[in-house]
Amino acid sequence: MKEEQKTYWRSIQQLEGDPNYLESLHREFPEGASELNDPISRRSFLKFMGASVAFASLASCRKPLEKIIPYVNAPENLIPGKPQYYATTMPFGSRAYGLVVESHEGRPTKIEGNKLHPASLGATDARTQAEILNLYDPDRKNVLTHKGQPASWEDFEAFWSSEFSTFASNRGKGLVVLSESFSSPTLERLKKKFQERFPQSVWVHYEPIDESHEREGLTRVFGHPAHAQLSLEKAKRILSLDADFLGNHLDQVALTKAFSKGRDPHVAGGMNRLYVAENDHSLTGGMADKRLRMPSSQIFALAQEIASELKGLGADLSLSKVARSAKDSFASQVAKDLWKHRGEAVVIAGLHQPAEVHALAYELNRVLNGVGRTVSYHKVPEATLSNEKDFENLIGRMRSGKVSTFITLGGNPVFNAPADFDFEALYQKVPSRIHFSLLPDETGKLADWVLPRAHFLESWGDARHIDGTLSLVQPLIRPLFQARSDVSFLGLLSMNMNLSDFDQVQQTWRFSLGNFESEWRQGLHDGVLKKEPLELLEISKASLKGLKAKPVSRPTLKSLELVFQASPAVFDGRYANNAWLQELPDPVTKITWDNVAKLSPQTAKEFNLKDGDLVDLTVGDRKMNVAIWAVPGHAKYSVSLALGYGRTNSGVVGKNAGFNAYAIRDSKNPGILSGVKLSKVGKTYPISCTQDHGSMEGRAIVREGSLDQYKKDPEFAKKMVKHPPLKSLWEEKDYKEGHQWGMTIDLNKCTGCNACVTACQSENNVPVVGKEQVGNAREMHWLRVDRYFAGTPEEAEMVVQPMACHHCENAPCEQVCPVNATVHDDEGLNAMVYNRCIGTRYCSNNCPYKVRRFNFFNYTKDKSEEEKMAMNPDVTIRFRGVMEKCTYCVQRISKAKIDAKNQSRDVKDGDFQVACQQVCPAEAIQFGNLVDPKSEVVQQKNNSRSYDLLAELNVKPRTSYLAKIRNVDSQKGGDS
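Residues numbered from 1 in each chain as written. Predicted model: local features only at pLDDT ≥ 70, side-chain atom pairs only at ≥ 80, totals over all residues. Heavy atoms only, no water.

Bringing the overall build of the protein into the picture now. The number of helices and strands found in the protein is 30 helices and 42 strands. Counting every atom, the protein has about 37700 Å² of accessible surface; 49% of that belongs to carbon and sulfur. (Helix = DSSP H or I, 4+ residues; strand = E, 2+ residues; numbered from the N terminus. Areas by Shrake-Rupley, 256 points an atom, 1.4 Å probe, with all protein chains shown as cover.)

We now examine the pairing of strand S17 (residues 405-409). When a strand is regular, its side chains alternate between the sheet's two faces. For S17, a buried count of 5 out of 5 residues is recorded, marking the element as mostly surrounded by other parts of the structure. Here S17 shows two buried faces, one formed by Thr405, Ile407 and Leu409 and the other by Phe406 and Thr408. As defined by bridge partners, strand S9 (residues 175-179) adjoins S17 across 5 bridges and the pair is classed as parallel. Considered in S17, the bridge of valine 177 is made with isoleucine 407. Sheet analysis places S17 next to strand S18 (residues 432-437), joined by 5 bridges and oriented parallel. Counterpart to threonine 408 in the pairing with S18 is histidine 435. (Buried < 20%, exposed > 50% of the residue type's maximum accessible area, 1.4 Å probe, protein only. Pairing = 2+ DSSP bridges.)

Grouped burial of nonpolar side chains is what soluble globular proteins tend to show. Ranked by internal contacts, the top residues of the largest apolar core, which has 153 residues, are Leu562, Leu617 and Tyr849. With 6 residues, the single largest contributor to this core is strand S27 (residues 622-630). Counting residues in each nonpolar core, the second largest holds 30 residues, with Ala277, Ile299, Ala303 and Val357 among its members. (Core = buried A, V, L, I, M, F, W, Y, C linked by side-chain atoms within 4.5 Å.)

On to helix H12 (residues 330-340), then. The element H12 is extensively covered by neighbouring structure, given that 9 of its 11 residues are classed as buried. Those residues of H12 that fall on the buried side of the exposure criterion are Phe330, Ala331, Ser332, Gln333, Val334, Ala335, Asp337, Leu338 and Trp339. Check the buried side of H12 and you find it contacts strand S12 (237-241), strand S13 (273-278), strand S14 (290-293), helix H11 (299-312), strand S15 (345-349) and helix H13 (355-367). (Contact = heavy atoms within 4.5 Å.)

A few words now on the pairing of strand S33 (residues 784-791). Taking burial as the measure, the 8 residues of S33 include 7 buried ones, the bulk of the element. When S33 meets strand S34 (residues 796-803), the two strands line up antiparallel, connected through 8 bridges. Paired with glycine 791 across the two strands is alanine 796, which belongs to S34.

On to the packing of aromatic side chains. A complete count under the given rule lists 36 aromatic pairs for this structure. A centroid spacing of 5.2 Å and a plane angle of 70° characterise the contact between phenylalanine 222 and tyrosine 362, whose relative ring orientation is edge-to-face. Residue phenylalanine 222 is located in helix H8 (residues 212-222), and its partner tyrosine 362 is located in helix H13; the two are separated by 140 residues in the primary sequence. (Phe/Tyr/Trp six-rings, centres within 6.5 Å; stacked < 30°, edge-to-face > 60°.)

Pairing in this open sheet of 7 strands is mixed, and the strands run S8-S7-S19-S18-S17-S9-S10 from one edge to the other. In the strand order of this sheet, the two ends are held by strand S8 (149-151) and strand S10 (202-205), each with one partner. Taking each pair of neighbouring strands and ignoring which way they run, the sheet shows an average axis angle of 20°. Strand contacts of helix H7 (residues 185-197): S9 and S10, with the helix running at about 150° to S10, the strand carrying the most contacts. Against the sheet, helix H14 (residues 388-399) makes contact with S9, S10 and S17, and its axis sits at roughly 135° relative to S10, the strand it touches most. (Axes fitted to C-alpha atoms, helices over the stretch in contact; angles between N-to-C directions.)

Two elements in contact, helix H6 (residues 153-169) and helix H18 (residues 486-493), have axes whose closest approach is 10 Å; the angle formed by their N-to-C orientations is 40°. In terms of their interaxial angle, H6 and H18 are classed as oblique. Residues Trp153, Phe156, Glu157, Trp160 and Phe164 of H6 lie in contact with H18, whose contacting residues are Phe489, Leu492 and Leu493. Its residues assigned to classes, the contact of H6 with H18 shows 7 nonpolar, no polar and 1 charged. (Parallel < 35°, antiparallel > 145°, perpendicular 65-115°, else oblique. Nonpolar A, V, L, I, M, F, W, Y, C, P; charged D, E, K, R; others polar.)

This next bit is on the sheet that holds S15. Here we have 4 strands laid out as an open sheet, ordered S14-S13-S12-S15, and parallel in their pairing. The open sheet has two free edges, formed respectively by S14 and S15, since each of these has just one partner strand. In this sheet, adjacent strand axes meet at a mean angle of 10° when their direction is disregarded. Pairing geometry for S12 and S13, over 5 bridges, is parallel. Counted as the bridge partner of leucine 239 is tyrosine 275 from S13.

For the rest of this paragraph, the subject is unusual backbone geometry. With phi around 60°, asparagine 656 is a residue other than glycine that occupies positive phi space. Along the chain, asparagine 656 turns up in the loop between strand S28 (638-642) and strand S29 (672-684). In this model, asparagine 954 sits at a positive phi of 60°, which is unusual for a non-glycine residue. In this fold, asparagine 954 is placed in the loop between strand S40 (946-947) and strand S41 (959-962).

A few words now on the confidence of the model for the protein. Across the protein, the average pLDDT comes to 86, with 87% of residues at 70 or higher. Between residues 39-70, whose pLDDT stays under 50, and residues either more than four places distant or in other chains, the model counts 86 contacts. Residue range residues 972-976 is modelled with pLDDT below 50. Its contacts to residues more than four positions away, or to other chains, number 19 contacts. (pLDDT = per-residue confidence, 0-100.)

This part is about the pattern of salt bridges. The tally for this structure, following the rule as stated, stands at 39 salt bridges. Between aspartate 594 and lysine 771 there is a salt bridge, with its nearest N and O atoms 2.7 Å apart. With a gap of 177 residues between them, aspartate 594 in the loop between strand S24 (591-592) and strand S25 (597-599) and lysine 771 in helix H25 (residues 771-775) connect regions that are remote in the sequence. Take lysine 771: its relative accessible area is 19%, and that puts it in the buried class. The closest approach of N and O atoms between arginine 945 and aspartate 746, which form a salt bridge, is 3.0 Å. Taken as a pair, arginine 945 in the loop between helix H30 (936-941) and S40 and aspartate 746 in strand S32 (residues 741-746) lie far apart in primary sequence, 199 residues in all. In this structure, arginine 945 and aspartate 746 share a single accessibility class: buried. (Salt bridge = Lys/Arg side-chain N within 4 Å of Asp/Glu carboxyl O.)

Next up on the list: the state of the cysteines. Such a bond, covalent and formed between the sulfur atoms of two cysteines, is termed a disulfide. Inspection of the entire model under this criterion finds 0 disulfides. Free of any disulfide, cysteine 805 has its nearest neighbouring cysteine sulfur in cysteine 886, separated by 5.8 Å. On the basis of relative accessibility, which here comes to 7%, the residue cysteine 805 falls in the buried class. Free cysteine cysteine 808: the closest other cysteine sulfur is in cysteine 805, separated by 6.5 Å. By relative accessible area, which is 7% here, cysteine 808 ends up buried. (Disulfide = S-S within 2.5 Å.)

Turning to the environment of proline 601, a few remarks are in order. As for its position among the elements, proline 601 is in helix H22 (residues 601-606). Taking the C-alpha atoms as reference points, proline 601 and lysine 636, separated by 35 residues in sequence, lie 8.3 Å from one another.

For H8, the tally of buried residues reaches 8 of 11 residues, placing the bulk of the element in the interior. Here the buried face of H8 lies against strand S11 (226-230), H13, strand S16 (375-379) and H14. Two residues or fewer after H8 comes glycine 223, characterised by a positive phi angle close to 90°.

Time to look at the side chain of asparagine 577. With respect to the helices and strands, asparagine 577 occurs in the loop between strand S23 (560-565) and helix H21 (579-583). Here the side chain of asparagine 577 touches glycine 651 through a polar contact of 3.1 Å, landing on its backbone nitrogen. Setting aside residues no more than four positions away along its own chain, asparagine 577 makes contact with Asp137, Asp139, Leu439, Ser650, Gly651, Val652, Val653 and Gly654. (Polar contact = N/O pair within 3.5 Å; in protein donor to acceptor, adjacent residues only side chain to side chain.)

Secondary-structure assignment places leucine 783 in the loop between H25 and S33. The spacing of leucine 783 and valine 851 is 68 residues in sequence and 7.4 Å in space, taken between C-alpha atoms. Contact partners of leucine 783, with chain neighbours within four places excluded, come to Cys756, Val757, Cys760, Pro802, Met803, Ala804 and Cys916.

If you want it as structure tokens, here you go:
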């Protein structure tokens, strides 16, 4: 039987044929987008750019030693214009991401993953890419302040010397340090010294988004905190219990890389299969072979059903009686498949799920023989990780007036502490408040002393990844804005200022490395110092008879559930002032510059709500106002809301962007809040969303099929569009000599994580335009990731497709340009001659892929030479009134050709990677020379799944796609 071809749609408005949507298709740019009746001011431009700063007195360059060498004494081996690369590490709570950073004359400009580090393996995510913008953010504190007035570090040192004497005499009574989680051996050592000096002081770690539920659940199994280390490359069957491990997960990059290895239909042992149960469409849900939409509060009940099914199949489970599922239900289908693949199956629980789900997930992995194969469990230290109970105890001390001096080492508790703690009011009652932070925030606004914190690219340090890998943090530029590193600040708090940061870090490792000098130098070079062996926990049968989650009834229209999510852009709010991330479209909703309350189309209709309507969400005496957005495939009577927005005291970029979800989040229900009431306000809120921009108007763009279909007809993707023999109106050039560049994108691996979009923006100096201009369809991204739905609004499948310039050999844009500004070169690149372009936009109107962006404003007019130092010097900074688009990173191609020529050889496959290819954790993108039959890109183009998009137009695109395959089976499962 021939499989029915799916119909894809971008939005419910498109699916229903909304007149406003149809009207928008008549023009590439909506009404008003062409008129320049709202000229942008320099002040507004700087607000949206978010990263420019005068470096006149700060320009510096360095060798990988302790000191930064002033540029007047040029370092050895420095060739002006030739970048240098340094390995370093980005600390992030309990994680450490190994990086390689490109530096131009002592100025870091681009971040890449370190292939030798297990957390990155050569790739990164969007937030890591955007750290360059954080480094150069003009809103970073350029002076110390004391009670709002400028001060100096000498002033603070004098103040702290007096405080130190007081606390030394009373052993630290009344002294509190609240810090973020960290995994630095040097910071751990300095923390112990601090506590030895002040034994009655209190040190608490707090993160609003952490793994405390996992640690608590595994404590019930092993008796002490543990971490689940996944090995997805070994898994053939994967069950996600509300776990977005391909999206909002601390190990997203490594897990995506491991998962993608099993997505090849020809992989040894067969293609893996992914089951997902979740309330909201996530990146993981979009990759699912079988997805079940259900309220997050009912995940534990589903896990119990699956456990009951496994017990019925012979699993050794000590389980309280749970009713068996209906035949062919999701639980029944999953259990049979997992049991059949014992030893190569894994169950993953979402971080926001309660501890009981994590404990039950362990038991499922145990009976499936996955422990030690697809997942292992390691003991983790609690001393430097976020702890909810410690934070709650601290609140009790504050209420009783037992805190006299409060030091915040990073973090922003005034903004993100649980609403029921009333932290802001308690904090203001503390007599002395000291805040150490990178950017302006709500906590700093209420602090007495505000001290500038160094960025990790300005700091010496070290870090231990969750798997035990140790690495070094080395600076690439002298600290800006009088900032000090965490190591320096902790040394100051202990009045241990005799050693520099460099010496402090070396002191940590001097006696733990065998041959210190050689291992230290090798660690700096490689970015990996060594790997500590972790305590591997033995398999233990947990007693699940007493394992009960707090009973939660299914949500209803009058009693909704609210699920709090980490934002894919601003995370917990720490990236709120980063313009690249604010303008990055949400992977699912495609909304920029805002968060929204996401709910199902059914729920929206029952409340008579439309996208952008404002509502009140109420629980008890807490209430928040937020705009709603209907998302296909969302669970009924469930609401999803991203954290980190609604900042009131960030820099100019993040201030008042979105809605503050922390206002309604409490300590008892940090992940899932039940009993939420929704009421319509009667007002609307403007949302800038890109989901309908560049519509393909029903053409066969995304192509996918089942694994069975692929086995029967490996070339099914090519046959989805039939056309007569293609003939050109003119004589075509034969591109068969020299270098002929091309690209492939494997839709079976691409998760839609957006890392490629931010990498392109960083590499090519792509500007941001702001919320209003995005609403006018003026976004400037050279690369976008289209998101399509298939099916009904209730049971929608999701698929993504990156889209950039295809560098067509018969390029339609070139034929209509009146000034010959867009031309083809001998290597098959569609090039833009910016100084010829007069902005007619004929080329954009004639582009079938809608990938050319028009620069409406002059973003470079008032930029000083110092401000331009934040940009990649290898890429032209465009002026107003020209077309911009993907160039296949021609600057990287040119560099590779020059390097090869200097070595008297030709460019080899793998000599270089374009920005989107290099950043991709799924390895979905391949780029190379089409004339080289051994190149990876040629191998991919010869793949039976390969197809050219809109080939029927005879444009002969250089970018091709590999069709998506879903590994579904014939059994049917229902919606729980």
